[in-house]
Every structure is written in C-alpha cells, then in structure tokens.
Amino acid sequence: MAAIGVYGYLAAGLSPFSQWRTCSYGGTQKYCRRIFAVSTERIQTETSFGENRSFEKKKQQEMVKEETEVKLKPSIYANPEELPEVEEGKKRLKDYFEECKEIIRSDGGPPRWFSPLDCSSSTSPDCPLLLFLPGIDGTGLGLIMHHHKLGKMFNIWCLHIPVKDRTPYTDLVKLVERTVRAENYRSPNRPIYLVGESLGACLALSVAARNPDMDLVLVLSNPATSFSKSQLQPLIPLLEIMPDQFPLNLPYMLSLATGDPLRMLIDNLVKRGPLPQTIGELSQDLVTMSSYLPVLADILPRETLKWKLNLLKSGAASANSCLHAVKAQMLLLCSGRDQLLPSKEEGQRLQKAHPDSEIRTFEESGHFLFLEENVDLVTVIKGATFHRRGKHFDCASDYMPPTPSEFKKIYESLRWVITATGPVMLSTMENGKVVRGLAGVPTEGPVLFVGYHNLLGIEVIPFVSELMIERNINVRGITHPALFVRMKDRSELDPDIANYDVLRVMGAVPVSAANFYKLMSSKSHALLYPGGVREALHRKGEAYKLFWPEQSEFVRMAARFGAKIVPFGVVGEDDIAEIILDYNEQMMIPWRREEIERVTNRIIRLRTDATGEVANQQMHLPWLLPKFPGRFYFYFGKPIETEGMKVELKDREKSHELYLHIKSEVERCLAYLKQKRDKDPYRSLLSRLLFQATHGSTSPSQIPTFDL
C-alpha cells in the first residue's frame with residue numbers, strides 16, 4: 001500500500017527600517033519594526049460498482065459546473081517557464097547592508113530581540129516561535145533574504161547584539177533561555193525553533209542542553225563548535241598588536257558573503273541569458289557590494305572583532321562540553337566552501353554525536369549561508385520535514401504546498417523527464433466520455449488515485465507535475481518509509497535521504513493507516529500504488545502486471561470520507577529501458593545477493609503479514625539498458641463514487657467486490673493504452689522533436705497523439 005515515489009533517485013538528485021519600537025516579553029525586550037509599505041469518443045465500460053442512484057442526478061448537474069470551473073480557474077502553476085524565479089518581496093544582499101547601516105547608526109544598549117516583520121502581519125497566532133541567533137556580525141539581520149517566506153510559517157524574533165556590547169557568552173545563553181522558557185510557559189504544546197549561525201549555533205546548543213525536556217527544534221548553519229580548527233583562532237593574538245584600522249580585502253570578504261564568484265557567474269549565465277548582459281549585471285553587483293565594505297568595518301571594528309573571536313572561542317568550548325545533553329531535534333546546514341570554519345567536517349562530527357539529526361550540505365556555498373542567493377531556508381526546512389506546529393509533524397495540517405517559485409525550480413530540474421517521455425494525458429468525464437487532458441479529474445477532494453506502478457516509479461514525475469500545471473492539484477504521494485528514515489551507519493552505497501527532499505516538498509508522506517486517514521479527512525488528492533515496491537521493481541516479463549494484495553487495503557477508508565476513487569493506468573516503461581539483470585538474476589551473484597539482503601534488512605519492512613508475490617519487498621535496483629525514449633500514456637478512468645456507501649462497504653464482501661472492480665478498471669486502462677499507442681505517430685522522441693522544431697515551442701504534453 002505504498003507509492004515508492006521517484007525511486008530512480010537511488011541511482012544518482014520591502015523598504016529599510018522606517019519605524020522601531022521596543023516590546024516587553026517574558027522579562028526581556030524585543031525590537032519591532034513596522035513596515036509600510038481534441039477529439040473524443042465514448043468508451044463502453046461496466047456499470048460502476050455500487051453506484052448510489054440518489055447521487056446520479058446531482059452528479060450530472062455538477063459535471064457541467066465542474067467543466068466550467070476548470071476553464072475559469074487557471075492553475076497558479078501553469079506555464080512553469082513564466083513563473084517567477086524568486087518570491088515577491090524577497091530582499092537581496094544589498095538590502096542586508098542597507099539595513100545594517102540603519103540598525104548600527106544609533107546602536108547601543110544591551111542585547112535585545114526585534115521582530116523583522118510587521119507586528120500586525122498575517123502570521124497565524126498558532127505559528128511556532130522562531131528565534132534567530134546571529135553569527136559573528138551580531139546584527140540579527142542574517143535571515144533578511146528569507147523573512148518574506150519565514151513570516152508565513154513562524155513568528156520571528158531576531159537577537160541583536162550591539163557593536164559595542166561586551167556581554168559574556170554565559171549571559172547571552174541566559175538571555176535566550178529566559179525567552180525560550182517564557183514562550184514554552186505560554187505555549188507548552190508548540191515547538192520553539194532556534195536558528196543559529198556559527199556563534200548563534202553554539203548558543204542554540206547550549207540552551208538546548210540546559211533544557212532537555214523542552215520541545216526545541218535546532219537549525220544550525222555552519223556551527224562554530226569547530227572554532228579550535230578554524231583559521232580565525234590565530235587572529236586573536238594577532239589583533240593584540242595590529243593597528244587600529246583592520247584591513248578588509250574586497251575579494252575575500254565578497255567570497256565569504258556569497259560563496260564562489262565563478263560559480264555565481266556560471267549560474268547567472270544559465271539564468272539571466274546573454275553573456276554581455278550577465279557580465280554587466282555581475283560587475284554592477286560587485287561594484288555595489290564594494291561600496292558597502294565600510295559597513296563591514298563599522299559592524300566589526302578591531303575591538304569588536306577581537307571580542308567576537310573570544311566569544312566564539314568560549315562559545316565553542318561551552319557547546320562542545322554539553323553536546324551529550326542535547327536532546328532536541330536538529331537540522332545541520334553545512335557549507336562546502338566555508339573559508340572561516342571547517343563546517344563540512346564539523347557537520348559530519350555532530351551528526352555522529354547525534355545520529356537522529358539531519359544534515360544538508362551546500363557544496364558550493366560560503367560561510368554566510370543564509371545570504372546566498374540560491375539557498376532557500378524555507379524549502380530546506382520543508383524538504384527535511386522539519387516544519388511542525390505541534391509535538392509531531394502532521395502530514396495534513398503542517399504541510400505547505402510548494403510556492404510557484406519552488407515548483408519552477410523543481411520542474412526545471414526534472415524538465416528532461418517531461419521532454420523525454422512527452423506525456424499524453426487522457427481522462428474520463430462523468431458521462432463516460434474520454435478526453436485529452438485532465439478535465440475529468442475531480443477538483444474537490446478527497447480523491448484517491450489508484451493505479452499501476454511503472455518500473456522505478458519514473459511515471460510519478462509527469463503525473464504530479466501535469467496535474468499541478470493543468471489543474472492546480474497538489475497530489476500527495478503515499479510512499480515507502482525508506483524515503484523518510486535515515487539509515488544508521490549509512491555506507492557510501494546507501495542512498496542519502498536528502499535526495500528525496502523534493503518528494504517531501506511536493507507532499508509525499510510515509511505509508512501508514514494514520515497518514516491515509518489524515519489525507520482523506522483533510523480532503524486531499526492522494527496517490528496510492530497497491531503494488532508498491534513489488535511492481536516498481538518487477539522482474540523480466542512482468543511489465544504491466546499488477547501485484548496487488550489479496551485483500552482490500554483502502555476501500556473502506558476511502559468510503560468513510562466519501563472519497564472519489566480514480567483508477568488509472570500508465571504505459572511507457574518498456575519504451576524507456578529494458579531490464580537486463582533483474583532480482584532473480586542478481587540473487588545468483590554472491591556480492592549482489594549480500595548487498596540486497598543488507599539493504600532490505602536495514603529498512604522498514606512493509607506487509608510482513610501479507611502472502612503472495614506482493615509480500616516480496618526486497619529493495620534492489622534492476623540493471624537497465626536505456627532505449628531511445630518513447631512516450632508515456634496516462635489514462636484516468638471514470639471516478640468511482642463512495643459517498644453514501646460507508647455503511648454498505650462495512651461488509652467485507654461488498655468492500656472486496658469494489659476492490660476487485662477497481663483492479664479490473666486499472667487493467668482495462670492499461671490494455672486500452674497498450675493497444676492505442678501503436679497508432680501514435682509521435683510515439684518516438686525524434687518525431688516529437690521534429691514536430692516541435694516545425695511548430696514552435698510546443699509543450700511536450702501538448703504534442704498530438706492517436707485519435708480517441
């Protein structure tokens with residue numbers, strides 16, 4: 001009862017401050033700023049099982065209404081090429097410097113909290129509190145490029161440490177701890193997020209160690225716990241004899257702030273277009289940044305820099321001494337090109353000390369990770385399933401659909417799959433008419449898609465993306481738990497759980513009765529493959545053969561919420577690749593047999609009480625010989641109504657009868673597609689590319705196909 005998801009991944013992948021005021025909270029103060037500113041045919045099918053006649057007239061009336069709504073409500077994800085690259089309201093690096101100038105202009109007093117968003121913003125009262133603990137700069141503005149998205153998920157407070165402040169590390173820990181305890185007293189059932197950067201990460205670890213029973217979520221960027229191995233430590237005695245003016249090197253400081261400039265140029269070449277324009281814009285950016293170097297000198301004058309380095313030293317020692325006491329949920333963000341700290345190695349060390357923690361590595365990023373243009377903290381948090389409002393993550397209430405810009409990035413990274421497969425989408429209207437497109441897919445949930453899982457599950461990519469683009473429907477895939485649980489003592493051959501972040505951002509959930517219940521009760525569109533792993537990793541000669549359990553697993557739950565069940569078939573896997581070494585053959589090779597058994601025994605086992613072929617859940621990768629790509633064909637059958645059948649389907653025989661009917665519908669869809677695709681003049685990739693070359697930039701899914 002699980003969709004394995006894109007299993008192929010295993011083989012690889014506003015204005016500056018205008019008004020400030022202080023607000024009392026929990027014995028502390030916080031700064032708040034107010035911001036102003038096709039042809040068709042009718043296919044004969046069997047009468048739907050158990051069709052409730054009392055709904056027939058109602059459904060005939062709704063059919064016309066639904067078709068009209070499809071035309072009147074365009075998808076927010078339509079035309080991915082035209083979607084914005086970044087979210088509206090996102091600030092840039094130059095905004096960071098501008099607001100730093102503003103905040104340090106009249107700086108003074110003790111460390112304090114401020115809210116970077118309008119205190120009367122639209123943030124929901126039940127959103128958890130996020131405390132940002134700054135790095136060596138101390139301004140508290142390190143998340144400025146993420147405020148516009150974080151503010152929709154959290155109540156954000158940032159710690160500001162004035163330039164001339166000399167508060168000891170232990171007192172900073174106590175300040176953060178007082179705030180955390182006050183918030184926990186006010187909202188004991190909500191988590192508190194501590195997002196720390198270098199020095200701030202040490203503060204977060206120290207506070208978490210002193211409060212092991214509190215529900216804290218730590219998001220640590222390049223923790224300074226590795227300060228003893230840093231090239232900054234030798235600067236401490238050097239600063240004692242240096243002149244008053246600490247020299248700043250332009251290329252060095254820019255690389256610290258923005259990572260590898262060469263990588264920036266290459267990225268901009270891809271995103272911005274012509275080389276002259278790109279070089280011009282990049283040069284302008286560098287000139288703009290150079291004008292803010294005096295701001296860096298104002299943020300970190302010699303005496304302040306010396307104090308901050310000593311603060312880093314004491315903070316690293318304190319945090320390392322209490323690591324064993326940290327029980328909080330932890331997400332480690334590490335840069336591969338950090339020139340201040342050995343962050344990549346330190347992240348691996350911390351993860352070994354806390355095996356349940358998650359780690360995400362940004363190979364091309366510098367020390368100031370949150371000021372990188374290509375780093376999206378909200379997407380990272382969602383991909384790691386770290387966003388929750390209660391004690392545990394709720395796949396329904398805590399899930400936030402991808403934003404248009406998030407979807408655009410995901411779509412562009414997987415565009416090659418859409419181009420190679422040129423998906424053909426067919427759906428069935430309420431009156432039984434088959435149409436090109438997805439007009440026959442119900443808009444209102446709950447809806448349960450049930451179908452055949454193609455080899456390696458690659459059909460999931462066009463399935464999910466086309467429903468979002470054409471119908472604005474975010475399908476929640478019910479997937480194997482292996483995509484959510486990190487293997488302990490993972491070897492280099494084991495998949496990295498970070499490879500599946502894209503699936504979680506798109507809404508995938510681990511298979512369980514509880515999650516299925518939540519999806520149906522929240523009126524979601526869910527995707528279920530009853531054949532699961534056994535179908536997606538089938539053997540030679542088993543293409544388009546269903547391996548479903550003997551007993552129904554989903555019918556009664558769907559009927560409980562009156563869900564519409566949409567049986568569907570997908571063909572095309574045999575036009576993409578040919579299996580040359582399947583499971584049976586690999587088990588005859590000693591080293592492959594050992595590897596398959598090792599991986600299978602280390603993951604969560606499903607259907608341990610099942611019988612038949614579906615119980616064979618061995619995790620392996622078939623060896624494939626790629627083919628010159630053909631085409632994927634999707635056929636969504638007529639939705640099967642379960643509304644009003646809750647009592648009727650409590651009878652096991654009736655429930656099983658409907659289950660068998662759904663299975664036969666999936667088989668009928670597969671048979672129809674296998675027969676019709678032979679008449680498609682654009683079945684091969686070459687013919688589709690020629691069509692696009694002669695007819696302009698036609699979307700791969702809009703290229704003509706066989707007559708219906």
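Residues numbered from 1 in each chain as written. Predicted model: local features only at pLDDT ≥ 70, side-chain atom pairs only at ≥ 80, totals over all residues. Heavy atoms only, no water.

1. Re the overall build of the chain
When helices and strands are counted, the chain shows 24 helices and 21 strands. Each of the 708 residues in the chain was classed as buried or not, and the buried ones make up 56%. (Helix = DSSP H or I, 4+ residues; strand = E, 2+ residues; numbered from the N terminus. Buried < 20%, exposed > 50% of the residue type's maximum accessible area, 1.4 Å probe, protein only.)

2. With respect to a negative patch on the surface
Residues Glu-648, Asp-651, Glu-653 and Glu-657 make up a contiguous surface patch of negative charge. We classify Glu-648 as partly exposed; its relative accessible area is 34%. (Patch = residues over 30% accessible without salt bridge, like charges linked within 9 Å, V, L, I, M, F, W, Y side chains within 5 Å. Areas by Shrake-Rupley, 256 points an atom, 1.4 Å probe, with all protein chains shown as cover. Salt bridge = Lys/Arg side-chain N within 4 Å of Asp/Glu carboxyl O. Lys, Arg positive; Asp, Glu negative; His and termini not counted. Charge placed at Lys NZ, Arg CZ, Asp CG, Glu CD.)

3. Looking at the packing of aromatic side chains
Working definition: an aromatic ring pair is given by the centre-to-centre distance plus the angle between the planes. Counted under the stated rule, the structure contains 21 aromatic pairs. Taken together, a centroid distance of 6.4 Å and an interplanar angle of 70° make the contact between Phe-132 and Phe-370 edge-to-face. You can see Phe-132 sitting in strand E5 (residues 129-133) and its partner Phe-370 sitting in the loop between strand E10 (358-362) and helix H13 (377-383), a full 238 residues away along the chain. Neither Phe-132 nor Phe-370 differs from the other in exposure class; each is buried. Above the ring of Tyr-399, the side-chain terminus of Arg-476 is found at 3.8 Å from the ring centroid. Positioned over the ring face of Phe-547 is Arg-534, at 4.1 Å from the centre of the ring. (Phe/Tyr/Trp six-rings, centres within 6.5 Å; stacked < 30°, edge-to-face > 60°. Lys NZ or Arg CZ within 6 Å of the ring centre and 35° of its normal.)

4. Re the side chain of Asn-474
Along the chain, Asn-474 turns up in the loop between helix H16 (460-471) and strand E14 (475-479). Among the polar contacts made by the side chain of Asn-474, one reaches the side chain of Tyr-399 at a distance of 2.7 Å. Polar side-chain contacts of Asn-474 include one of 3.0 Å to the backbone oxygen of Met-506. For Asn-474, the residues in contact, after removing those within four places along its chain, are Tyr-399, Pro-401, Pro-402, Met-468, Met-506 and His-525. (Polar contact = N/O pair within 3.5 Å; in protein donor to acceptor, adjacent residues only side chain to side chain. Contact = heavy atoms within 4.5 Å.)

5. Some details on the pairing of strand E16 (residues 525-528)
Here E16 shows two buried faces, one formed by His-525 and Leu-527 and the other by Ala-526 and Leu-528. In this structure, strand E13 (residues 447-451) lies alongside E16, joined through 4 bridges in parallel fashion. Residue pairing in the sheet places Phe-449 in a bridge with Leu-527 of E16. For E14 and E16, the ladder comprises 3 bridges, and the chain directions are parallel. (Pairing = 2+ DSSP bridges.)

6. Brief notes about the pairing of strand E7 (residues 192-197)
Summarising burial for E7: 6 of the 6 residues are buried, a large majority. By the alternation rule, side chains of E7 split into Ile-192, Leu-194 and Gly-196 and Tyr-193, Val-195 and Glu-197, which are all buried. Across 5 bridges, E5 lies against E7 in parallel orientation. Across the sheet, the residue bridging to Phe-132 is Val-195, located in E7. Where E7 lies against strand E8 (residues 216-221), 6 bridges are found, and the strand directions are parallel. When the sheet's bridge partners are listed, Glu-197 is paired in E8 with Ser-221. Chirality of the crossover, the property in question, places the unit of E7, helix H5 (residues 199-210) and E8 among those that are right-handed. (Right-handed = clockwise from strand over helix to strand, strands pointing away.)

7. Overview of the packing of H5 against helix H11 (residues 302-321)
Running from amino to carboxyl end, H5 crosses H11 at an angle of 35°, the nearest separation of the two axes being 9 Å. Where H5 crosses over H11, the two elements pack in a sense that is left-handed. Contacts from Leu-199, Cys-202, Leu-205 and Ser-206 in H5 reach Leu-311, Leu-312, Gly-315, Ala-316, Ser-318 and Ala-319 in H11. (Axes fitted to C-alpha atoms, helices over the stretch in contact; angles between N-to-C directions. Left-handed = near helix turned anticlockwise from the far one by under 90°.)

8. Considering helix H22 (residues 590-602)
Over its 13 residues, H22 runs 19 Å from end to end, which matches the ideal 18 Å to within 8%, given 1.5 Å per residue. Those residues of H22 that fall on the buried side of the exposure criterion are Arg-592, Glu-595, Ile-596, Val-599 and Thr-600. Along the axis of H22, the buried positions cluster into a sector of 125°, meaning they face one direction only. Facing away from the buried side of H22, by more than 90 degrees, are the exposed residues Trp-591, Glu-594 and Asn-601. (Expected span 1.5 Å × (residues − 1). Arc of directions from axis to C-beta.)

9. Considerations on the environment of Lys-344
One can find Lys-344 in helix H12 (residues 343-353). A relative accessible area of 28% places Lys-344 in the partly exposed class. For the pair Lys-344 and Leu-333, spaced 11 residues apart in sequence, the C-alpha to C-alpha distance is 8.7 Å. When sequence neighbours within four positions are dropped, the list of residues in contact with Lys-344 reads Cys-334, Ser-335, Thr-361 and Glu-363.

10. A word on H12
Residues Ser-343, Glu-346, Gly-347, Leu-350 and Gln-351 constitute the buried set of H12. Buried residues of H12, viewed axially, fall in a sector of 135°; they line one side. Along H12, exposed side chains directed more than 90 degrees from the buried face belong to Glu-345 and Lys-352. Contact partners of the buried residues in H12: H11, strand E9 (329-335) and E10.

11. Regarding the confidence of the model for the chain
Regions with low pLDDT carry predicted coordinates that are not meant to be interpreted in detail. On average, residues of the chain carry a pLDDT of 82, and 78% of them reach 70 or more. Confidence drops under pLDDT 50 across residues 260-279; counting only partners more than four residues distant or on other chains, this segment forms 21 contacts. (pLDDT = per-residue confidence, 0-100.)

12. Some thoughts on the pattern of salt bridges
All told, the structure shown has 30 salt bridges when counted by the stated rule. Ionic pairing is found between Asp-394 and Lys-518, a salt bridge with its closest N-O pair at 3.8 Å. Residue Asp-394 is found in the loop between H13 and helix H14 (404-413), and its partner Lys-518 is found in helix H18 (residues 513-521); the two are separated by 124 residues along the sequence. Here Arg-677 and Asp-575 are joined by a salt bridge, their closest N and O atoms 3.7 Å apart.

13. Describing unusual backbone geometry
Backbone geometry follows two general trends: most residues other than glycine have a negative phi, and most peptide bonds adopt the trans configuration. Following Gly-445, the chain continues to Pro-446 via a peptide bond in cis, the omega torsion being 5°. Considering the arrangement of structural elements, one finds Pro-446 in the loop between strand E12 (433-436) and E13. In the Ramachandran plot, Thr-385 falls in the positive-phi region, its phi being about 55° despite a non-glycine side chain.

14. Considerations on the side chain of His-387
Here His-387 is to be found in the loop between H13 and H14. Within polar-contact distance, the side chain of His-387 engages the backbone oxygen of Asp-398 at 3.0 Å. Those residues in contact with His-387 that lie beyond four places of it in its chain are Met-153, Phe-154, Tyr-193, Ile-381, Phe-393, Asp-398 and Met-400.

15. Topic: the environment of Leu-658
Summarising the element assignment, Leu-658 is placed in helix H23 (residues 652-676). Under the relative-accessibility criterion, Leu-658 is labelled buried at 0%. For the pair Leu-658 and Arg-556, spaced 102 residues apart in sequence, the C-alpha to C-alpha distance is 9.7 Å.

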